[in-house]
Amino acid sequence: MSGILVNQPFIETARLQLRPPRPADAEALWTLTSDPRVARATRSIPHPLPEGAVDAFIARSAHPERTEDAWIMDGSRSDLPEVAGVVALTPMDRAQSEIAYWVAPDLWNTGLASEAVGALLEANPQDCATVFASVFQDNPISARVLTNAGFAYIGDAEALCAARGGAVPTWTYLRRMR
């Protein structure tokens, strides 16, 4: 890993607190990531979800030598679920990072992804010059989250999807931060 990860800040939005994952999140994370709709929308969540996957994610998230910073979208102060989704930044070299996110299916089309992505970009906790993102081409709503956050489309690609068992066409986006 080329980027340097620091202690993650807590980031407040109108409805959410973005905070690091903690062991108490395990049951909610298990329930949500076991949903095939969530897994199929991400590159890394397999379906069915293997035993221990959530505990491993939480442990990796807290490890000082982790390879990404992950935040829980905690909506508990706004009468939303304590675990409404996850947003993560993975550092790359040359002050670049990649952002990824997912939201609980019951909260799709509520603006939570846009709120979390926008707040994380505004905070820019990894001091990125550039942030990349990709979404599966069969998920245009997620693409809209990116364009609404100031990302520009830069091309088509493919990415492996653990839940789908192979490569899936993607749209790739970039946002310059400075």
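Every value quoted in this text rests on a predicted model; they were computed, and no experiment measured them. (Residues numbered from 1 in each chain as written. Predicted model: local features only at pLDDT ≥ 70, side-chain atom pairs only at ≥ 80, totals over all residues. Heavy atoms only, no water.)

> What am I meant to see in the pattern of salt bridges here?
Pairing is possible between side chains that carry opposite charge, provided their charged atoms lie close to one another. A complete count under the given rule lists 10 salt bridges for this structure. For R37, the salt bridge goes to D35, with nearest N and O atoms at 2.7 Å. Overall, the relative accessible area of 16% leaves D35 in the buried class. D69 is the partner of R66 in a salt bridge, and the nearest nitrogen-oxygen pair spans 2.7 Å. Each member of the pair, R66 as well as D69, carries the same accessibility label: buried. Within the structure, one salt-bridge network assembled from shared partners comprises R19, R22, D25, D74 and E82. (Salt bridge = Lys/Arg side-chain N within 4 Å of Asp/Glu carboxyl O. Buried < 20%, exposed > 50% of the residue type's maximum accessible area, 1.4 Å probe, protein only.)

> Would you mind going over the sheet that holds strand β3 (residues 69-74) with me for this structure?
Within a sheet, neighbouring strands are paired by backbone hydrogen bonds and run either parallel or antiparallel to one another. One open sheet holds the 8 strands; their spatial order is β1-β2-β3-β4-β5-β6-β8-β7, and the pairing between them is mixed. The two strands at the open ends of the sheet, each matched to only one other strand, are β1 (11-12) and β7 (152-161). As judged from the 3 bridges shared by strand β5 (residues 96-103) and strand β6 (residues 130-136), these two strands associate in the parallel manner. When the bridges of β6 are listed, S97 appears paired with V131. (Pairing = 2+ DSSP bridges. Helix = DSSP H or I, 4+ residues; strand = E, 2+ residues; numbered from the N terminus.)

> Any chance you could explain helix α5 (residues 140-148) here in plain terms?
For the α-helix, the turn length of 3.6 residues means that residues three or four positions removed from each other point alike. Turning to α5, its buried residues number three or more, namely S142, A143, V145 and L146. Buried residues in α5, looked at end-on, bunch into an arc of 150 degrees, giving them a common side. Just downstream of α5, G150 is the residue with a positive phi angle, here 90 degrees. (Arc of directions from axis to C-beta.)

> Which parts of the structure should I look at to understand helix α1 (residues 26-33)?
Within α1, the full set of buried residues consists of A26, L29, L32 and T33. Each buried residue of α1 lies within a common arc of 135 degrees when the element is viewed along its axis, so the set occupies one face. Opposite the buried face of α1, by more than 90 degrees, sit the exposed residues E27 and T31. If you follow the buried residues of α1, they end up packed against α2 (36-40), α3 (53-62), β3, β4 (85-91) and β5. (Contact = heavy atoms within 4.5 Å.)

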